[in-house]
Each structure stands twice: as C-alpha cells, then as structure tokens.
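# Commentary on secondary and tertiary structure
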Amino acid sequence: MSGRPVLEVEGLHVWFELDGGRELHAVRGVDLALEGGERLGLVGESGCGKTTTILAVMGLLPPNASVAGRVLLDGEDVLARGERSARPHRWRDVAMVFQGAMNAFNPVQRIGDQIAEPMELHGIAEGKQARRRAAELLERVGIPPARASRYPHEFSGGMRQRAAIAMALACNPKVLLADEPTTALDVMVQAQILEVLTALADDFRLAVVLVTHDLPVVAQVCSRAAVMYAGEIVETGPVDALYHEPRHPYTRLLYAATPELHGAGELASIPGTPPRLDRPMAGCPFRPRCDSAFAPCAEVHPPLDAVGAGRAAACHLNTAAREVPA
Amino acid sequence: MSANGEGPLLEVEGLVTRYPVSRGIVGTLRGRPREWVHAVEGVSFRLRRGEMLALVGESGCGKTTTAQSVLRLVEPDGGEIRFDGTDIARLPQRELRPLRRRMQLIYQDPYESLDPRFRVRTTVEEPLAVHGVGPRTERRAEAARALELAGLAPAELYLDRYPHELSGGQRQRVAIAASLVLHPDLLVADEPVSMLDVSVRAGILALLDDLRARGLAILMITHDLSTAARYADRIAVMYLGRIVEEGPARGIVDNAQHPYTRALLSVVPRPDPRERVAPRILRGETPNPVRIPSGCRFHPRCPMAIADCRDVDPALTRPAAAAAESHRAACIRV
Amino acid sequence: MTTVPAPELLTREPDDFEGPRRRRHVVWSVIRTQPQAAIGALVLLAVVVVAVLAPWIAPYGEREKVGDVFEPPSSEHWLGLDDAGIDMLTLMLHGARVSLVVGFAAALVTMLIGGMIGLLAGYFGGKTDVVLMRLTDYFLVIPDIPLMLVAAAVWGRSLTNIILIIGVIYWTTTARVVRAQVKSVRERVYVKRARSLGAGHTRVLVRHVLPQVAPLLVAITVLSVAVAIFAETAIAFLGLGDPTLTSWGKLIENAFSRSAISVDAWWAVVPPGLAVVVVVLACTMLGRALEDSLNPRLRVGHLSVRHFRLRGAGGGEAR
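Report on the accompanying structure.

Definitions and cut-offs
Residues numbered from 1 in each chain as written. Chains lettered and ligands numbered in written order. Predicted model: local features only at pLDDT ≥ 70, side-chain atom pairs only at ≥ 80, totals over all residues. Heavy atoms only, no water. Pairing = 2+ DSSP bridges. Helix = DSSP H or I, 4+ residues; strand = E, 2+ residues; numbered from the N terminus. Contact = heavy atoms within 4.5 Å. Buried area = accessible area lost by both parts, 1.4 Å probe. Polar contact = N/O pair within 3.5 Å; in protein donor to acceptor, adjacent residues only side chain to side chain. Nonpolar A, V, L, I, M, F, W, Y, C, P; charged D, E, K, R; others polar. Disulfide = S-S within 2.5 Å. Buried < 20%, exposed > 50% of the residue type's maximum accessible area, 1.4 Å probe, protein only. Right-handed = clockwise from strand over helix to strand, strands pointing away. Axes fitted to C-alpha atoms, helices over the stretch in contact; angles between N-to-C directions. Parallel < 35°, antiparallel > 145°, perpendicular 65-115°, else oblique. Left-handed = near helix turned anticlockwise from the far one by under 90°. Salt bridge = Lys/Arg side-chain N within 4 Å of Asp/Glu carboxyl O. Core = buried A, V, L, I, M, F, W, Y, C linked by side-chain atoms within 4.5 Å.

Quick look at the sheet that holds strand β10 (residues 242-248) of chain B now. Residue and element names in this part refer to chain B. On the basis of which strands lie adjacent, the open sheet formed by seven strands has the order β6-β7-β8-β3-β9-β10-β11 and mixed pairing. Every other strand in the sheet has two partners, leaving β6 (103-106) and β11 (328-329) as the edge strands with one partner each. Note that β6 and strand β7 (residues 186-190) share four bridges and pair parallel. What sits directly across from Q104, in β7, is L187.

With that settled, consider the interface of chain C and chain B. You'll often see interface size given as the accessible area lost when the parts meet. Contacts between the two partners involve 35 residues from chain C, matched on the other side by 41 residues from chain B. For the pair chain C and chain B, the summed buried area comes to about 3500 Å², and 54% of that belongs to carbon and sulfur atoms. Taken together, the links from chain C to chain B amount to nine residue pairs in polar contact (both at pLDDT 80 or more). Those elements that provide at least two residues to the side of chain C that touches chain B are α8 (189-197) and α9 (201-237) of chain C. Sort the elements by how many residues they give to the side of chain C that touches chain B and α8(C) lands first, with seven residues. Here the residues of the side of chain C that touches chain B are counted per class, giving 17 nonpolar, seven polar and eleven charged.

Evaluated as defined, the whole model comprises zero disulfides over all chains. No disulfide involves C331(B); its sulfur sits 6.1 Å from the nearest other cysteine sulfur, which is in C302(B).

This part is about the side chain of S85(A). Residue and element names in this part refer to chain A. The residue S85 is located in helix α2 (residues 83-86) in this model. Judged by its relative accessible area of 9%, S85 falls in the buried class. Separated by 3.4 Å, the side chain of S85 and the backbone nitrogen of A80 make a polar contact. Apart from the residues lying within four places of it in its own chain, the contact partners of S85 are D77, V78, L79 and A80.

Turning our eyes to something else, we now look at the environment of L47(B). Note that L47(B) resides in strand β2 (residues 36-47). With residues near it in sequence (within four places) discarded, L47(B) still touches P8(B), L9(B), L10(B), M52(B), L53(B), L186(B), A217(B), I218(B) and L219(B).

Looking now at the pairing of strand β7 (residues 175-179) of chain A. Residue and element names in this part refer to chain A. Judged by how many residues are buried, β7 sits mostly within the fold: five of five residues are covered. Residues of β7 alternate between two faces, with V175, L177 and D179 on one and L176 and A178 on the opposite face, all of them buried. Relative to β7, strand β6 (residues 94-97) is paired through four bridges, and the arrangement is parallel. Following the sheet pairing, V97 is matched in β7 by A178. By the bridge criterion, five bridges tie β7 to strand β8 (residues 207-212) in an arrangement that is parallel. Within β8, the position partnered with L176 by the bridge is V208. Handedness of the crossover joining β7 and β8 through helix α6 (residues 187-204): right-handed.

Residues and elements named next belong to chain C. It is the contact of helix α2 (residues 35-57) with helix α3 (residues 88-124), at a shortest axis distance of 8 Å, that shows an interaxial angle of 135 degrees. One way to sum up the angle between α2 and α3 is to call them oblique. Where α2 crosses over α3, the two elements pack in a sense that is left-handed. Of the residues in α3, those in contact with V47, V48, V50, A51, V52, A54, P55 and I57 of α2 are L93, H94, A96, R97, L100 and F104. The residue inventory of the contact of α2 with α3, partitioned by class, reads twelve nonpolar, one polar and one charged.

The subject of this paragraph is the pattern of salt bridges. It is possible for side chains of opposite charge to pair when their charged atoms get near one another. Inspection of every chain in the model, using the stated rule, returns 51 salt bridges over all chains. D278(A) is the salt-bridge partner of R276(A), the closest N and O atoms lying 3.2 Å from each other. For R276(A), a relative accessible area of 25% puts it in the partly exposed group. Residue E291(C) pairs with R288(C) through a salt bridge whose shortest N-O separation is 3.0 Å. Of this pair, E291(C) and R288(C) both sit in helix α11 (residues 270-294), separated by three residues, roughly a single helical turn. Classification of R288(C) as partly exposed rests on a relative accessible area of 41%.

Let's shift gears to the nonpolar core. L7(A), L12(A) and L177(A) are the most contacted members of the largest nonpolar core, which has 74 residues in total. Leave out the neighbours within four places in its chain, and L7(A) touches L32(A), A33(A), L34(A), V57(A), V71(A), L72(A), L73(A), V175(A) and V209(A). Ranked by size, the runner-up nonpolar core spans 69 residues in total, among them L207(B), Y231(B), Y260(B) and V268(B).

A word on unusual backbone geometry. Residue P154(B) is bonded to the preceding A153(B) through a cis peptide linkage, with omega at -5 degrees. Structurally, P154(B) is set in the loop between α5 (136-149) and α6 (156-159). We note that E180(A) has phi near 45 degrees; this positive angle belongs to a residue other than glycine. Following the sequence through the fold, E180(A) ends up in the loop between β7 and α6. When its relative accessible area of 8% is taken as the criterion, E180(A) is described as buried. Positive phi values are uncommon outside glycine, yet R205(A) reaches one of about 50 degrees. Counting through the fold element by element, R205(A) comes out in the loop between α6 and β8. A residue is classified by how much of its surface remains accessible, and R205(A), at 54% relative accessible area, is exposed.

Structure (structure tokens):
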C-alpha cells in the first residue's frame, strides 16, 4: 500500500489527575500510522493504555486528563486546540465502536432512528434520506433493513453489536476504532462480526484499529499489530512475524500464554504484575517480569527501534551484543 | 488418579431444568398457555475423582444452569443427580446442607465474588463459620493453609488485605481458597479465567490442574475450546440444553464428529496467521430455548441436515469414525 | 503438602498492593471532600452542642419573668422577651433541645421502620415484597397533617406520641430507597456465594447486605431529620404539640396566638423560624451530599462541560 497515512499518531502522552494530587501517566509516547484499508491490531492486557490511546484519537478524554502529542487525520492535527479541534472530526472522519456498545443503545428509540441520528447531527442527511441510509447500513452489516423500526431489546447481543458498527459508519468515516468489539460474544457470533468488519473495511477502504487483548483475533483480522505494555508500544510488525519471530520478550510470553486448539506443552504465565503508572519508572518497564533481563535493562529505557522491514521493538536484546547466559 | 476402583463421584442422569416465562398480567388474563425456557433438557454425564470435565458451549446452551442444578442452587425439574452414591436431586434442604460442604462453586467474576467489606481472612474463614467448624484459632490456621494451597504464599501477607488491594488473579485465588477451606470433593468452576488477563490465566488453570491431581473432581464451565482442550480430561459440548458430543478432550478437538462441534472448532481464531482454517460460520444465532426445534435441535442451522433430521431426535451414540471408546455424538449422520 | 506461590506474586513487592490500605469510610470521606456536606455537618454539630449545653449557657431561667410583655431586644436581652416576659434567647436555647430531640428520635423511628420494611421487601422479594410495598403505598398516600391532627386528638399530645406519629408517617421514602438498594445488593455475586455456601438468611442480611446499605441509610436518615423537625414545628404551630414543653414551633405558636405581629414584636417570631430553617438546611445539605455520592443512579459526572487539557510538548517526560 502506498500513499500518505490517513491516521498518524505522534508522540502521544496522556496523564490523568488523581485524588490527592498524584498523576497517572497512562500513555507514554505512542506512535502509530495507518493507511486507508489497513487493519491494525492494538494488543495488550488491562491497564496497558490501549483504550486510552484510541479515546485520545477521538478526543474523548475526561476532564481530569491532559494530553500531549499530535493526532493527524489526513494531515490535520485534531488535538491542536483540544475539544474545539477534535469535535468537527468526530464521527465524520474517525468513529468508534465502544466497549460494550451493544448495551449502550437508547432503549426507547428505534434502532433505525439511532443510526440516523449522527447523520442528522453532522449534516450528512436528514429525515427520510437519513432513514434510508440507515437501512442500507443495516443491510451492510447483515441485519435485514426491515428491522430498523425495532427497538434494541428486540435484538440479540450479536445483532446489537452489528448495529453499533453500522452507527459508527453512519457518517462515512475514514478511520474506524473498535474497542474489544467481540469480547463479550460467543465464538460463533464473534466469527460473524469479524467477518462483517473485514468485509466493511475492504469495501469502504477503512483504516481500522482493533483494540483487544485477544491475540488470535488480531491474527485473524489484522495485517499488522502493535503490542502495548505499561502505556508504551513495545513491539510492532506484521502479525505473522510477531507470532513466529517475536523480538520482545513480552510478545513472546504473551503468545506462550495463549492456549492453542492443537497446541501441546505448558501454557506460560508471566510472573509479577504491570508496574504502577503513577510512579516514575527507570529503565525498561517490563524488566521486573522479564525472563531475559540483563545489565542495561534496569537503567536505560529501551527506545522503539526498527528491527527489520516494517518491524520495531523496544528491547535491549535487539541492539546490545550480549552473551547468552549459561 | 482415578484408579481407585470406586464408582464416579458425580453421576447425572436425564437432568431437566426449566424456567417459566413470565406472561405478564395481560397474558395471564387472556389465558395464554404458559411457556417454558427449556434450559436443560436431558443431560447425563459422569465425573470421577481426579478428573476434569469441561462443559463447553455458547450462551444459552444450558451449561451454567446444568452446573447450578447439580449444586441445587437452582431446583431441577427432573432427572437424577447422584453424588457419591446419594441421589441429591430431590433431597430436602436440611439434609442437603452437610453435603454442600463437599461441593463448591467458583464464580466467573473475581471482582464481584468477594465482599468488598470483608478482609481476605474473613472471606476465607466464612465457610468454616457457617458450617460451625472448629474454634476460631483453628479456623485461622485452616484459612492460612487454604490460601497457601491456592498459591497466595506467604499467607500472612494476604490475610488482612481488602479485595480492592488485590489484582484480579489474586482475588480469584482468594475465592478458590474460600472454596477449598471445607475440603470439598467436587469443584465447579464457572468460567474461572474469562475475566482475567491472559498472562494470569495459566496460573489459575495450573492451580485447578494441580487440585485435580490431588484428587478433586472438577467440572469446568467454559466457552473457550482451546482452554478446554489443554486442561480438561473430557469435553462435553452442549447445544440448546443437550449434550451433542462428548468424549476425551483431544479426541473431540482433533476428531470432532458432530457438525456443531466441527463448526465451533473451525471458527476459533488461531494465533498463528499461517494456520488457515476454512471457517464454517453458521448463519443466524442460537434459537430461543423457549421454542426448541423439532427432531434434532440443531437441524435448522446444520450444514449437513437431511429430511430425517426434522423428525428424529438423535441420542448420543458412538460415531463410526470415532477413535476412542467413550466418544459419543448425537447425530444420525455420523 | 508443598505449595508454590502463584506466578503473579513472584516479583511483587510486599507493599506494592494497589489501593489504599484502609477501607474507605464513605460518610467521613464525603464530609471531608465536599464543602456542602462539611458546612451542613458543622452547622448541625454547632446546633447540637448548643442544645446540649443549653441549661448551662442560657442567661436566664426558662420560666423566669424578667421584664414586660414583648420587650424589645436590648443589651441584657439580646432577643428581647416573649409574651410572658421571659427571655427569648433562653427560650430559643431550650427550644433547640426539644426540637432536636424530636427530630433525631423521629428520624430514628423512620430509619428503623423504613429500614426494616425495605430490607425484608428487597431481600425476600415475591409475596413479601408485594405485601410490604402495598402497605408502603397506603401509608404514602395518607396526607400528613390531617393524620397528625387526628392522631394528636385521639392519643394525646405527649412528646412520645409526637415522635411516634412523625416516625410512622414518614418512613415510606426510606423503605423504598432501602428496598431498591437491597434488591441490587442481593444480586451481587458475593451474596449469592454466601447463600450457596449454606449461610442462613440472617447471616447474609446482617453481614453482607446491611453493611452495603448502611451508608445510604445514614444519608436518608439525615434527610429524615430535616423532615421530622419541620413536621414537629408544624404540629406545635397548630397547637397540637406537648403543652408542657417549649419547642421552636411552640414559640412561633405562642407569638402568633398572642398577636406578636400586631405589636411588631418580630423578635418573638423570626428567631425560632430562622432556627428551624437553618437546621433543616444543614441537614438537607449534608443528607443530599451523602445521597449523591452513594446513590449510583444520581451520578452525573459524565455530563460535565469541562474537557481534557493540552500540555506543551515538553511536559512531563518522566522516562
């Protein structure tokens, strides 16, 4: 794929003010770049900052948050003036399917009307035309258009999730951010939803960021992935390379902890817990839990360096010439 | 392991549990016939000591209701439940109480299963207090022992903590400790790791595996076939209130016979992008358990259905292509 | 038996646990952090202290005639004298005792009745719930003043009766709020777990449900104090209060029945009225602040108009 990236994140930092004057440094210098039609998986466990990152892209951070860095949509910095510059782009250029979106529908409004609402709010379409577009979108996500006049409680969980995706696409955005879109769903429904997402991404040439903790889902849907830990990206690359040749111990251990249907052998668990983000950190954030830590890891923070074509990892193992421990 | 020649610890035969569907005032006045959610419609299985059986299926298949019925947390409507020889399906609550000590349940949500106002010590000692076991000093020692067995060692570090000070994995271990403190014979684990981070799951699953090796019988409810394949001895796949396939875990996963099981296995995402599997995505969703389809309950969505499938409700039989003796599937075409 | 510590514990510092060591005491933390609650609590405390110390700090006797009828305020009598020549300030201080006693006692009665009914209805559900809620509905629709009139007329006007009447009329709100909270707590996993262990209803109610409901119950009770004091004032003002006791309501009633207004004796009417307003306001401020932070349905934080802030590019590179 060539061309300029449709979404670029440069040096994104997010801090949260806590009670008692402490500060939580939730996102620590994240860089991302996506082209139209590309699907990127943002992977990590709870507390790694992946949801905060995409909320920052949407400009949907709470009042106790402060942000630094740039988020470029088609070259324009949407964070330049805070809420004022983020708002015009919201839903029109970048839209989001939230975690638990299937439970966030207004129970007393028909589904079709709820999908048409963003169109009317952003001046894309009105009245009958909006409803017609909504019905079309529903069909795209695999819901019979006749059901647009039904209420959310008449839909199953999987169908509501599809409706949430349709709502995200209401204003024809270029970028779709999906936060754990299939986490609460059965594996068969998950397969259906992922099929819909993939088809839509291809048809509309959407840039998709799929946030999840589920590595196999990313392997199936995305071409590239970025692994996050303690607010930082520790490795990025094509999903194939990440599985077969991980260049960061966390990536390797994460795959080792993921059960496979036909796999054999011990399932790994990673000792310890993620570091506290309200305290300053020295060296590599993963060092206390790493099975390959050595001298520089405690003092020097490893930068995210290129380790091959389209690959990067933040680990001293890739740069230092070291002896393999006996 | 289970080579002590005894019979199975738990034998369930033809279990039936139904919930009434509320008709509302209008429905009652109009005399609408009462409808039932057929959550469990004839489930049978055996579980020996030192064995882990995984009950697998999607939401609405009845696996959770089965577990709750076995523990008599929900009243079954039919069938037999023999625990260590005694039929407990219709036992009065008073006589059931001493048996309850021997069967314990571990819940899915570690963040909600501990009372936020109780210290760890109080939570783990509570079962002992409820059943009037030993003097207080004895209870304290038992609680510490249970915590260490659950991997929270040294116990002193954890006894006085509140749940909000602990991580998800630690909370789940506290919950497990609280169920171990009465020395149960049967542990029912309802999705024990689905709400935990991936890096922590193996630890909990290894703990359950270890308990199994020490002689506990474990009934694990899960929707995750990969976990079931790795840790369970046997797998039973449920659909709309029935077991549609059961057998040794590896046999099910490597050589599934029932079309539903095969479809499920085909859509489980693989972490290796090179492992390409042709997914058999079933259309639609699991039908409402209020209106069970006629004949084979899977036939409306089955890619292999023939005319007979609408009329015949298949029993669990050994498929022709099955490798293991105990592998069964409820399908007339295998 | 050998045990291996859990992997996730292997690299944890002993003091590296998440969250504060102490359990948060909700009521205290609300008072500490919300000015509205703090002011309310402070004012209430001040009034209580004054009322308790009344016999010792009152300048004159409660029945001591020290001057003329409706003498205006002066340096010796800061609030003047009432219709019987008794010092108003003294009467106010003694009145505080009665009003507050009735207020707190009646609030306690509503807490006990309403709390018990809400607890049982919410916990047991089914028929118990239906019956108890019907009962609550009946009590809810009874008009308060007419009932108080009838009750006072039938059973006499003693202090105890007043307290009971107020308590019996106003428990319905408490019952409903408690029932809603109990219903939600009952569905929590740890309660179900305790039941599945074999714990009896009493144990579950006392050890698991009640502690979760208690803070909200405290908030509602504080609000009930306001209602009770107001009700007592109304009863006394209508002449139904205990004739032997001075309460603020009685003071206002005295002033009105002796035509204080027509002689412009504002000091006989305004101070007791103002006192009632101040105490009711303090209770309402404290009670509302508590209720807002405890009742999950009242959360409106997400409707804030403030947005996230931007930091300069060089801000906080804490690496």
